[in-house]
Amino acid sequence: MSALTCKEVILDYLADYLEKALSPEVIADLERHLAGCAACLAYLNTYKKTRDLTRQAMPQAMPDEMKAHLRRLLLRHLAEEQP
Ligand SMILES: [Zn+2]
């Protein structure tokens, strides 16, 4: 399997990764990417923290609105670093 891009990691896999809904192969690819990518790792940590805070406030999953907001933030960040 080819290496993942940041956008694939963020948009396609990160939420499922945190919900442990990915196959072991995809998890391995994802973790390989995270090990070498500070931007995605920072995003993962922010995402986790936000999710945990959200869960303390209300037991449901993170609202879609919050996910969309986090994605927009990161995509803007990526766009700045990789024109
Ligand atoms: Zn990345």
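A few points on the structure. From a predicted model like this one, the values you see are computed outputs, not experimental measurements.

## Remarks on the coordination of the zinc ion
Protein coordination at the zinc ion: the donors are Cys-6 (SG), His-33 (NE2), Cys-37 (SG) and Cys-40 (SG), at 2.1 to 2.3 Å from the metal. In this structure, the zinc ion is surrounded by 4 donor atoms whose angles at the metal cover 103 to 114°, and the resulting shape is tetrahedral. Mapping the donors of the zinc ion onto the primary sequence gives the spacing C-x26-H-x3-C-x2-C. With a gap of 34 residues between them, Cys-6 in helix α1 (residues 6–18) and Cys-40 in helix α3 (residues 38–57) connect regions that are remote in the sequence. Classification of Cys-6 as buried rests on a relative accessible area of 11%.

## Overview of the packing of aromatic side chains
One pass over the structure, following the stated rule, counts 1 aromatic pair. Ring centres of Tyr-43 and Tyr-47 lie 5.9 Å apart, and the angle between their planes is 50°; this geometry places the pair in the tilted category. With Tyr-43 and Tyr-47 both in helix α3 and 4 residues apart, the pair spans about one turn of that helix. Note on accessibility: Tyr-43 and Tyr-47 belong to one class, buried.

## Section: the pattern of salt bridges
Taken as a whole, this structure holds 3 salt bridges when the rule is applied. With a shortest N-O distance of 3.7 Å, Asp-52 and Arg-51 are connected by a salt bridge. Judged by its relative accessible area of 11%, Arg-51 falls in the buried class. Among the ionic contacts, a cluster of salt bridges with common partners joins Glu-19, Arg-51 and Asp-52.

## Observations regarding unusual backbone geometry
Excluding glycine, residues mostly have negative phi values, and the peptide bonds linking residues are mostly trans. The phi dihedral of Lys-20 is positive, around 55°, even though this residue is not glycine. Among the secondary structure elements, Lys-20 is positioned in the loop between α1 and α2 (24–35).

## Considerations on the packing of α1 against α2
Across the interface, α1 lies against α2 with an axial gap of 11 Å and an inter-helix angle of 125°. Taken as axis vectors, α1 and α2 run oblique relative to one another. For α1 against α2, the interelement crossing comes out left-handed. Across from Cys-6, Val-9, Tyr-13 and Tyr-17 in α1, the residues of α2 making contact are Val-26, Ile-27, Leu-30, Glu-31, His-33 and Leu-34.

Criteria and thresholds
- Residues numbered from 1 in each chain as written.
- Predicted model: local features only at pLDDT ≥ 70, side-chain atom pairs only at ≥ 80, totals over all residues.
- Heavy atoms only, no water.
- Donors = N, O, S within 2.8 Å, 3.2 Å for Na, K, Ca; no water.
- Tetrahedral: all angles 85-135°; square planar, octahedral: opposite > 155°, others 65-115°.
- Helix = DSSP H or I, 4+ residues; strand = E, 2+ residues; numbered from the N terminus.
- Buried < 20%, exposed > 50% of the residue type's maximum accessible area, 1.4 Å probe, protein only.
- Phe/Tyr/Trp six-rings, centres within 6.5 Å; stacked < 30°, edge-to-face > 60°.
- Salt bridge = Lys/Arg side-chain N within 4 Å of Asp/Glu carboxyl O.
- Axes fitted to C-alpha atoms, helices over the stretch in contact; angles between N-to-C directions.
- Parallel < 35°, antiparallel > 145°, perpendicular 65-115°, else oblique.
- Left-handed = near helix turned anticlockwise from the far one by under 90°.
- Contact = heavy atoms within 4.5 Å.

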